[in-house]
Amino acid sequence: RSTTGGAAGTRRRRSVTMVTTMKTMVRWRGAVPRCGARGRTRSALHHLRVRAASKEAAPSSQHANTVPMPSDRYVAMNRFRVQDRAEADAKFEKRWAERPSRLATMDGFRWFALFRRINLDGTDLTEEQNEDFNYTSMTLWQDQPTFQVWREGDAFKEAHGGGNIKGILDMLISSAQTLKGKPKLLLANAYATQSLEVSESDLPKMAGGWRSVVADGKRVLDPECFMCAVDYVVEPGREAAFLQEASASISESRGAGGFRFGTVLNADAGKGADADVFTLSMVWDTKEQWEASRAGEAELGEARKTETRFFEGKLVLTTQKGA
């Protein structure tokens, strides 16, 4: 073979490699949150399936469901299946701790945490639970328009691979090492939100709008909060009554030690099979403080309680307004 022929072959191989890489990037960017929910499995918070949608077709909280009242927050949650193997959780959390982000500087931002699902008795998750979404990033926004500004802006690109080839490839490699499948987005309207304000001295340590936390990728991060999330199925026409009862339940918890905030989530998915699933979510400083009150577990009127889940939160971000 001639030297010229070898060089041409090399150029062809490089060309094929670049095309393959760009195709991979397109597929990944298609998996970046641009979706709503459809169908129903077991949970409004963790089990709604999603369908792809363009930014222009992003759901509007004004007509998202049959709830006869406006939402008071807008919530974006990415759900992840982290591999069930040694150090996968710790590596996943390290990736989050070290990502570039200025989330807390965005207008309309209220609260964030990366939640890891746990069992209340401290036992390991079952095989079935591990096949479910075992990590969830949860961001509360003042409303849907402020979320949309974040979603369409440079700050979003920076936090999801930086918008350049190297950043996206690094994200792909990291995901392949820790995740089972792609993340799934759930967008939700939040109702009856009640939050305590946060003193300046109690704000998390941040640098440029993101947490300043050291993660070694070998040990999971210490928990910074605890969440109890309870799913209810609400009959059509009973939404207002249910939300009134849920609001009263949250109000009763406000005075308890360790309470941070409570809210009720309903998937922003348009009218359909998911509109009757509501999740009462309460966040506390610690699991022990929640256990002292067992808040959020009560039956609420005629609503049917279907499932309860527990999570420990990491990398908490907020403002003095709280959630």
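For the structure itself, consult the block above.
Definitions and cut-offs
- Position numbers for residues start from 1 in each chain and track the written sequence from start to end.
- The predicted origin of the model limits local features to residues at a pLDDT of at least 70 and limits the giving and counting of side-chain atom pairs to 80 or more, whereas totals for whole chains, interfaces and linings rest on all residues.
- Processing note: side-chain calculations cover all non-hydrogen atoms of the structure and skip hydrogens and water entirely.
- Salt bridges are defined by distance alone: a side-chain nitrogen of Lys or Arg within 4 Å of a carboxyl oxygen of Asp or Glu.
- For the exposure calls, accessible area comes from a 1.4 Å probe over protein chains only, and a residue counts as buried if that area is under 20% of its type's maximum, exposed if over 50%, partly exposed in between.
- Runs of H or I in DSSP of at least four residues are treated as helices and runs of E of at least two as strands, each being numbered from the N terminus.
- Stacked, edge-to-face and tilted labels apply to pairs of Phe, Tyr and Trp rings (six-membered ring for Trp) whose centres lie within 6.5 Å, assigned for plane angles under 30 degrees, over 60, and everything in between, in that order.
- Residue contacts follow a heavy-atom distance rule, with two residues in contact if any of their heavy atoms lie within 4.5 Å.
- Should DSSP find at least two bridges between two strands, the strands are regarded as paired.
- Only the stretch in contact is used when a helix axis is fitted, and all axes are lines through C-alpha atoms; the angle between N-to-C directions ranges over 0 to 180 degrees.
- Take the buried residues of types Ala, Val, Leu, Ile, Met, Phe, Trp, Tyr and Cys, join any two whose side-chain atoms come within 4.5 Å, and each joined set is a nonpolar core.

**Looking at the pattern of salt bridges**
- For the coordinates displayed, the defined rule picks out 13 salt bridges.
- Put simply, Arg219 and Asp216 hold a salt bridge, and the shortest N to O gap is 2.5 Å.
- The class for Arg219 is exposed, based on a relative accessible area of 59%.
- As a salt-bridge pair, Asp231 and Arg309 come within 3.3 Å of each other at their nearest N and O atoms. Note that Asp231 is positioned in strand β9 (residues 225-233) and Arg309 in strand β12 (residues 304-318), a separation of 78 residues in sequence.
- Here the salt bridges share partners, and the residues they tie into one network are Asp89, Glu93, Arg116, Glu312 and Lys314.

**Points about the packing of aromatic side chains**
- Applying the stated criterion across every chain yields a total of 19 aromatic pairs.
- Between the aromatic rings of Phe109 and Trp141, the centroid separation amounts to 6.1 Å while the plane-to-plane angle is 80 degrees, which identifies the pairing as edge-to-face. Placement of Phe109 in strand β4 (residues 109-118) and of Trp141 in strand β5 (residues 135-141) is noted, with a sequence separation of 32 residues between them.
- On the basis of relative accessibility, which here comes to 4%, the residue Phe109 falls in the buried class.
- Among the residues examined, Trp141 registers a relative accessible area of 0% and is labelled buried.
- Taken together, a centroid distance of 4.9 Å and an interplanar angle of 70 degrees make the contact between Trp111 and Phe261 edge-to-face.

**What about the environment of Asn119?**
- Along the chain, Asn119 turns up in the loop between β4 and α3 (127-131).
- Taking the C-alpha atoms as reference points, Asn119 and Phe311, separated by 192 residues in sequence, lie 8.0 Å from one another.
- Non-local contacts of Asn119, meaning those with residues more than four positions away in its chain, are made with Asp124, Leu125 and Gln129.

**Observations concerning the sheet that holds strand β10 (residues 259-267)**
- An order of β3-β5-β4-β12-β9-β11-β10-β6 is seen for the eight strands of this closed barrel, with the pairing classed as antiparallel. When the angles between neighbouring strand axes are averaged without regard to direction, this sheet yields 30 degrees.
- Across six bridges, strand β6 (residues 184-195) lies against β10 in antiparallel orientation. By the bridge assignment for β10, Gln194 is matched with Gly262.
- The sheet strands contacting helix α2 (residues 88-97) are β3 (73-80), β4, β5 and β12, and the helix crosses β4 at an angle near 170 degrees.
- Each of β6, β9, β10 and β11 (277-284) is contacted by helix α7 (residues 239-254), which is oriented at about 10 degrees to β11, the strand it contacts most.

**Quick look at the environment of Leu221**
- Within the secondary structure layout, Leu221 lies in the loop between β8 (210-211) and β9.
- Residue class for Leu221 comes out buried when judged on its relative accessible area of 11%.
- With residues up to four places along the chain from it excluded, the contact list for Leu221 reads Glu93, Val213, Val214, Ala215, Lys314 and Leu315.

**As for the nonpolar core**
- Within the largest apolar cluster, 28 residues are counted, with the highest numbers of intra-cluster contacts made by Phe92, Trp96, Leu103, Phe112, Trp150 and Leu315.
- A per-element tally of this core places α2 first, with four residues.
- Once you skip the residues sitting within four places of it in the chain, Leu103 turns out to touch Phe109, Phe112, Thr139, Trp141, Trp150, Gly209, Trp210 and Leu317.

**Thoughts on the pairing of β5**
- Along β5, seven of the seven residues are buried, which leaves the element largely enclosed by surrounding structure.
- The two faces of β5 match: Tyr135, Ser137, Thr139 and Trp141 on one face and Thr136, Met138 and Leu140 on the other face are all buried.
- Pairing of β3 with β5, which is carried by seven bridges, proceeds in the antiparallel orientation. Bridge pairing in β5 links Arg79 to Thr136.

**A closer look at the pairing of β4**
- Along β4, nine of the 10 residues are buried, which leaves the element largely enclosed by surrounding structure.
- Where β4 and β5 come together, seven bridges link them in antiparallel fashion. Residue pairing in the sheet places Arg116 in a bridge with Tyr135 of β5.
- The sheet contact formed by β4 and β12 spans seven bridges and is antiparallel. Bridge pairing links Trp111 to Thr318 in β12.

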